[in-house]
Amino acid sequence: MAITLTETAASRVEKFLSNRGKGIGLRLGVKTTGCSGMAYTLEFVDDLNAEDMAFESHGVKVIVDPKSLAYIDGTELDFTKEGLNEGFKFNNPNVKDECGCGESFTV
Amino acid sequence: MALLQISEPGQSAAPHQHKLAVGIDLGTTNSLVATVRSGLSSVLIDDDGHALLPSVVRYLPDGDIDVGYSAQAAQSQDPANTIISAKRFMGRGLKDIDVSLQPYHFVDNNNEMLQIETRAGIKSPIEVSAEILKALKNRAEKSLGGELVGAVITVPAYFDDAQRQATKDAARLAGLNVLRLLNEPTAAAVAYGLDNAAEGTYVIYDLGGGTFDISVLKLSKGVFEVLATNGDSALGGDDFDRRIFCWILEQSKCKPVNAQDTRLLLTKAREAKEWLTDHASAQITSILSTGEVVNVSLSTKQFNELTQTLVAKTLAPTKKALRDASLDIEDIKGVVLVGGATRMPQIRLAVADFFKQSPLTNLDPDKIVALGAAIQANTLAGNKSGADLLLLDVIPLSLGLETMGGLVEKIIPRNATLPIARAQEFTTFKDGQTAMSIHVLQGERELVSDCRSLARFELRGIPPMVAGAARIRVTFTVDADGLLSVSAREIASNVEANIVVKPSYGLSEEQILAMLKSGFSAAEADKQARALAEAKVDAESLLEAIKNALQQDGHLLSLNEIKTIREKIDALQANIHAGAGDANSNAIIRATEALNAATENFAARRMDASVSRALAGKNLENLNL
């Protein structure tokens, strides 16, 4: 079981964390919402919950709650540019179907 | 798939509900747009990699509109249809600007905001600014992949109501939802995170392409208050280029050059200026259209000597701003440099020397204002947790309304933090009064004639009642951008009237200061004037009541009693019309008291008469006692 970051993603996360001035890592998660059932969440972490699972990738601490992990295990988080836009992208092997925009998915 | 940004803990947006918000620096020379992604504020670039968008709009012959670099390039060949520095005209009338210096065909608009005749028709500065905002909005939506929920747009601290309203109107025209207008120096302070810092006083030194602004900000309890502003609207980085340009001509002993060569040499001068920021000397070489060859070398030392007077010119307004804020250099906790021209080492040295501390320079001085605005926009759009305080501004002059006797009743005091809403109840002055005129005023003085009139409107349809029985609630609301709306409502009948105050002309900083000063220096005279006016209002309202009472119930009095009352009435009226004088208010008060005393019995008898009238023909059981 693991969640990984690409090197680019890790260095961006480190930059954002240091700019923010606080936070212990990055939380990946899944919410049941959206047109295809599930949606990703991506948040800074200030506090850990008791059931949280922690991974480390390129020096960045990645936090996932066990319920979310079931849907995103094996995910590699990447940081890419698309035209003028830039941001993080979930490469999630569990996904069977995505909505047109890719913001929500089913497994 | 869609690209995601990192949110604050617990603030992840649902799919398709990302609250995209931007900060816009709508500048005189250049404009920028920035946003916060994954907690980091960054400026958005266009397809060609430019962060800056020249604030230039050109109306093309084919009906298209060009904004930015391409419009700027056409400036000299199509000056009448290429509008630069529209910001200088925002909320201004023709009499506010020097028309002779402008290449445009201005349209006189009966003292309203000026307009410019272009081949695309008559355009107001608001429409021109809207084109710049539209270009930035498109850039942002393309970059962020979605519609914006709103924008924070920055304005100079000295912008008055009319200029702020014009900026808001431009945004509306561009289809932008304005979350808030933010003062430029405040935005710069936010970009450096000074709003999170301890309390203190900061100076923002902003030397742009063509303007110089100095602002003194005081931060207390998360609120930035502008203590003083000053500057020079005709001093900027371009003047440094011009100094180098003149020096080149002198050195190469050129004859006066044509427009094309002037442009060429000014570009070379600017390049040399920028080069000298990190180098000891710059080589300037060029071949003019006449075939003459320019080849000179400019050292940092020479450049400093050439521009010494320009640097000194920024320090005079700086001193003045400190003096206006009654502060010494030791009181200043930090100095922020804004504007590309502050990259020049001699500016940094001069500022450090003057304030006896190194200024904050680690952010790009061209981008600071937009970066700060984006941080504020991100907070206002609700992307941060509630613990983060919202930045507030204060109201510069008290707002109030006219009451009987030409007095000003202050509803919102000066220095109240925005946004704010305050209500006060007023009543009618005459029996059967069905309308009330509401006169909105701004200023610190007690008399209407000494304050600035902002707006007038009427509340009609008040049900007829005896004087003093109607309850009219007047509410003043000033939104976060400093714009005022006033509403009046009669409580029993719910009739309502309201107005949004949109003055065609605002106040300049000097006018505000002058009004504040006169408020202090005229305090004693104001107090007397207020006392006199109040005494007159009381007296007249008593006279009115007694006149009505005599008409209705005069039969309750003996001829002798009526005579006494008439005498007192005459005496009071004589005092009211005696004209202004210090002792006069006391005389009126005494005469009013005398009349009051003389009619005490009459009042008691009227009360008895009305009670017996009410009880006549009724059984005790029918009365709800």
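Residues numbered from 1 in each chain as written. Chains lettered and ligands numbered in written order. Predicted model: local features only at pLDDT ≥ 70, side-chain atom pairs only at ≥ 80, totals over all residues.

> Outline the overall build of chain B, supporting the account with residue identities and numerical values.
The number of helices and strands found in chain B is 14 helices and 26 strands. When each of the 625 residues of chain B is scored for burial, the buried share is 41%. The contacts in chain B between residues at least 6 apart in sequence include a share of 68% that link residues at least 24 apart. (Helix = DSSP H or I, 4+ residues; strand = E, 2+ residues; numbered from the N terminus. Buried ≥ 20, exposed ≤ 12 C-beta atoms within 10 Å, placed from the backbone. Contact = placed C-beta atoms within 7 Å.)

> Which residues make up the overall build of chain A, and what are the values?
What chain A contains, in helices and strands, is two helices and nine strands. When the helices and strands of chain A are listed from N to C terminus, the series reads β-α-β-β-β-β-α-β-β-β-β. Within the span of chain A, comprising 107 residues, buried residues form 32% of the whole. Across chain A, the fraction of contacts at a sequence separation of at least 24, relative to all contacts at a separation of at least 6, is 56%.

> Go over the packing of helix α11 (residues 523-553) of chain B against helix α13 (residues 584-598) of chain B, please, and point to the residues and values.
Two quantities define a packed helix pair, namely the angle between the helix axes and the distance between the axes. All names here are of chain B. In the contact formed by α11 and α13, the axes pass within 9 Å of each other and the chain directions differ by 20°. The angle between α11 and α13 falls in the class roughly parallel. Crossing handedness for the pair α11 and α13: left-handed. Taking contact as the criterion, the partners of Ala531, Leu532, Ala535, Lys536, Asp538, Ala539 and Leu542 in α11 are, on α13, Asn584, Ser585, Ile588, Ile589, Thr592, Leu595 and Asn596. Considering only residue class, the contact of α11 with α13 consists of eight nonpolar, four polar and two charged. (Axes fitted to C-alpha atoms, helices over the stretch in contact; angles between N-to-C directions. Parallel < 35°, antiparallel > 145°, perpendicular 65-115°, else oblique. Left-handed = near helix turned anticlockwise from the far one by under 90°. Nonpolar A, V, L, I, M, F, W, Y, C, P; charged D, E, K, R; others polar.)

> Residues and numbers for the nonpolar core, please.
Residues and elements named next belong to chain B. In terms of nonpolar packing, the biggest core is built from 109 residues, with Val22, Ile24, Leu133, Ala151, Ala373 and Ala377 touching the most fellow members. If we skip the residues at most four places from it in the chain, Ala373 touches Gly23, Ile24, Asp25, Ala34, Val152, Thr154, Leu182 and Ala187. In this structure, Val440, Ala529, Ala539 and Leu595 belong to the second largest nonpolar core, which totals 32 residues. (Core = buried A, V, L, I, M, F, W, Y, C linked by C-beta atoms within 7 Å.)

> Please provide a residue-by-residue account of the pairing of strand β4 (residues 53-57) of chain A, values included.
Strand residues, when the strand is regular, have side chains that alternate between the two faces of the sheet. Residue and element names in this part refer to chain A. The pairing of β4 with strand β5 (residues 60-64) spans five bridges and is classified as antiparallel. Residue pairing for β5: Phe55 is matched across the bridge by Val62. Hairpin connection, β4 to β5: the antiparallel pair is bridged by two residues, and His58 has positive phi, about 50°. (Pairing = 2+ DSSP bridges.)

> Let's hear about the sheet that holds strand β15 (residues 223-232) of chain B: which residues, and what values?
Residue and element names in this part refer to chain B. One open sheet holds the four strands; their spatial order is β15-β14-β13-β18, and the pairing between them is mixed. Bordering the open sheet on either side are β15 and β18 (332-338), each of which pairs with just one other strand. Geometrically, the sheet is characterised by an average inter-axis angle of 20° between neighbouring strands, direction not taken into account. Note: strand β13 (residues 200-207) against β18, six bridges, orientation parallel.

> Provide a residue-level description of helix α8 (residues 345-355) of chain B, including the pertinent values.
Residues and elements named next belong to chain B. Buried within α8 we find Ile347, Val351 and Phe354. What you see down the axis of α8 is that its buried residues fit within an arc of 65°, all on one side. Taken together, the buried residues of α8 touch β13, α7 (300-324) and β18. Looking one or two residues beyond α8, the residue adopting positive phi is Lys356, at roughly 55°. (Arc of directions from axis to C-beta.)

> Go over the sheet that holds strand β20 (residues 407-412) of chain B with me, naming the residues and quoting the values.
Each strand in a sheet pairs with its neighbour through backbone hydrogen bonds, running either in the same direction (parallel) or in the opposite one (antiparallel). All names here are of chain B. Strand order in the open sheet formed by four strands is β20-β19-β22-β23, and the pairing between neighbours is antiparallel. Of all strands in the sheet, those with a lone pairing partner are β20 and β23 (452-460), marking the two edges. On average, each strand axis in the sheet is tilted by 30° relative to the strand beside it, whichever way the strands run. Where strand β19 (residues 399-403) meets β20, five bridges bridge the pair, whose relative direction is antiparallel. Bridging from a neighbouring strand, Glu402 pairs with Val408 of β20.

> So, the environment of Gly340 of chain B: which residues are in play, and what are the values?
All names here are of chain B. Structurally, Gly340 can be placed in the loop between β18 and α8. Between the C-alpha atoms of Gly340 and Leu207, which are 133 residues apart in sequence, the distance is 7.1 Å. Apart from the residues within four sequence positions on either side, Gly340 is in contact with Gly237, Pro365 and Asp366.

> Any chance you could break down unusual backbone geometry for me, citing the residues and the numbers?
Residue and element names in this part refer to chain B. Non-glycine residue Ser38 carries a positive phi angle of around 50°. Positionally, Ser38 belongs in the loop between β2 (30-37) and β3 (40-43). With a phi angle near 65°, Asn494 is a residue other than glycine that sits in the positive phi range. With respect to the element layout, Asn494 can be found in the loop between β25 (484-490) and β26 (496-500). Among the residues examined, Asn494 registers 8 C-beta atoms within 10 Å and is labelled exposed.

> Can you explain the packing of helix α5 (residues 237-251) of chain B against α7 of chain B? Please cite residues and give values.
Residues and elements named next belong to chain B. Their axes nearest at 10 Å, the elements α5 and α7 cross at an angle of 150°. Note that α5 runs across α7; the crossing there is right-handed. Contacts between α5 and α7 involve Asp239, Phe240, Arg243, Ile244 and Trp247 from the former and Leu306, Thr307 and Leu310 from the latter. When grouped by side-chain class, the residues that make up the contact of α5 with α7 number five nonpolar, one polar and two charged.

> Residues and numbers for the environment of Val57 of chain B, please.
Residue and element names in this part refer to chain B. Looking at the element boundaries, Val57 is found in strand β5 (residues 56-59). Judged by C-beta crowding, with 27 C-beta atoms within 10 Å, Val57 ranks as buried. Distance in space between the C-alpha atoms of Val57 and Ile83 is 5.2 Å, their sequence separation being 26 residues. Each residue touching Val57, except ones within four places of it in the same chain, is listed here: Ile65, Val67, Ala71, Ile83, Ala86, Val128, Glu131 and Ile132.

> Could you give me a rundown of the confidence of the model for chain B, with the residues and numbers involved?
Predicted coordinates in areas of low pLDDT are best not read in detail. Residue and element names in this part refer to chain B. Taken over all residues, the pLDDT of chain B has a mean of 84, while the share at 70 or more is 90%. Per-element confidence in chain B ranges from a low mean pLDDT of 64 for helix α10 (residues 509-521) to a high of 96 for strand β1 (residues 21-25). Per-residue pLDDT stays below 50 along residues 503-507; that stretch engages in 17 contacts with residues further than four places along the chain or on separate chains. (pLDDT = per-residue confidence, 0-100.)

> Lay out the environment of Asp324 of chain B with the relevant residues and their values.
Mapped onto the fold, Asp324 of chain B is located in helix α7. A count of 15 C-beta atoms within 10 Å places Asp324 of chain B in the partly exposed class.

> So what's going on with the confidence of the model for chain A? Residues and values would help.
Averaged over chain A, the pLDDT score is 85; the fraction of residues at 70 or greater is 89%. For chain A, per-element mean pLDDT is lowest for strand β9 (residues 104-106) of chain A, which scores 70, and highest for β5 of chain A, which scores 93.

> Any chance you could break down helix α6 (residues 259-275) of chain B for me, citing the residues and the numbers?
Residues and elements named next belong to chain B. Counted at 1.5 Å a residue, the expected span for α6 with its 17 residues is 24 Å, and the 24 Å between its end C-alpha atoms agrees. Every buried residue of α6 is listed here: Leu265, Lys268, Ala269, Ala272 and Lys273. All buried residues of α6 lie within an arc of 140° about the axis, which places them on one face of the element. Among the exposed residues of α6, those pointing more than 90 degrees away from its buried face are Ala259 and Gln260. Where the residues of α6 are buried, they touch α5, β16 (281-287) and β17 (293-299). (Expected span 1.5 Å × (residues − 1).)

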